Amino acid sequence: MNSDDLIALLRPTFPNAEIQAVNQGNKFEVLIVDENFEGKRLVQRQQSVYAVVNSHIQSGAMHALTIHALTPAEYQARQSH
């Protein structure tokens, strides 16, 4: 699995999101900026991502995943720092 594969895997669940992924070996870092995260706690956001990728983690195709799940407003605030 590579970064493009991860983005393709996440795209159906987050069709309108900005998705970026970085792969270092089997360790992935993903940024998902989605307005549907509005009003959801961080753990709920992460659970929605893990629901998509969990089988790949269990199979060993993905060793670790760092998730940055932000609303557009949170992303904008991060960019201005």
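Right, let's walk through the structure included here. All values derive from a computational prediction rather than experimental measurement.

## What to know about the pairing of strand 2 (residues 27–33)
Move 1: The element strand 2 is extensively covered by neighbouring structure, given that five of its seven residues are classed as buried.
Move 2: Examined bridge by bridge, strand 1 (residues 18–24) and strand 2 share seven bridges and lie antiparallel to one another. Looking across to strand 2, one finds that V22 is bridged to E29.
Move 3: Note on the crossover from strand 2 through helix 2 (residues 42–59) to strand 3 (residues 64–70): the handedness is right-handed.

## Description of the side chain of S3
Move 1: Among the secondary structure elements, S3 is positioned in helix 1 (residues 3–10).
Move 2: For S3, a relative accessible area of 17% translates into the label buried.
Move 3: Only 3.4 Å separates the side chain of S3 from the backbone oxygen of A21, close enough to count as a polar contact.

## Overview of the side chain of D34
Move 1: Looking at where D34 falls in the secondary structure, it is placed in the loop between strand 2 and helix 2.
Move 2: At 7.6 Å, R11 is the nearest oppositely charged side chain to D34, a buried residue that forms no salt bridge.
Move 3: Polar contacts involving the side chain of D34 include one to the main-chain amide nitrogen of N36, which spans 2.9 Å.
Move 4: Not counting the four nearest positions on each side in its chain, D34 is found in contact with F14, A17, L70, T71 and P72.

Calculation notes
- Residue numbering note: each chain is counted from 1, following its sequence as written.
- Totals for whole chains, interfaces and linings use every residue, but because this is a predicted model, local features are given only for residues with pLDDT of at least 70 and side-chain atom pairs only at 80 or more, for both listing and counting.
- Only hydrogens and water are set aside; all other atoms, that is, all heavy atoms of the structure, feed into the side-chain values.
- Accessible area is worked out with a 1.4 Å probe on protein chains only. A residue is then buried under 20% of its type maximum, exposed over 50%, and partly exposed in between.
- A run of H or I in DSSP counts as a helix once it spans at least four residues, and a run of E counts as a strand once it spans at least two, with each numbered from the N terminus.
- Whether two strands pair depends on DSSP finding at least two bridges between them.
- By definition, the crossover connecting two strands over a helix is right-handed if that path, from the first strand to the second, turns clockwise as seen with the strands pointing away from the viewer.
- Here a polar contact is taken to be a pair of N or O atoms separated by no more than 3.5 Å, where protein atoms must pair a possible hydrogen donor with a possible acceptor and residues adjacent in sequence count only if both atoms sit in side chains.
- Positive: Lys, Arg. Negative: Asp, Glu. His and the chain ends are not part of the count.
- Salt bridges are defined as contacts in which a side-chain nitrogen from Lys or Arg sits within 4 Å of a carboxyl oxygen from Asp or Glu.
- Two residues form a contact once any of their heavy atoms are found within 4.5 Å.

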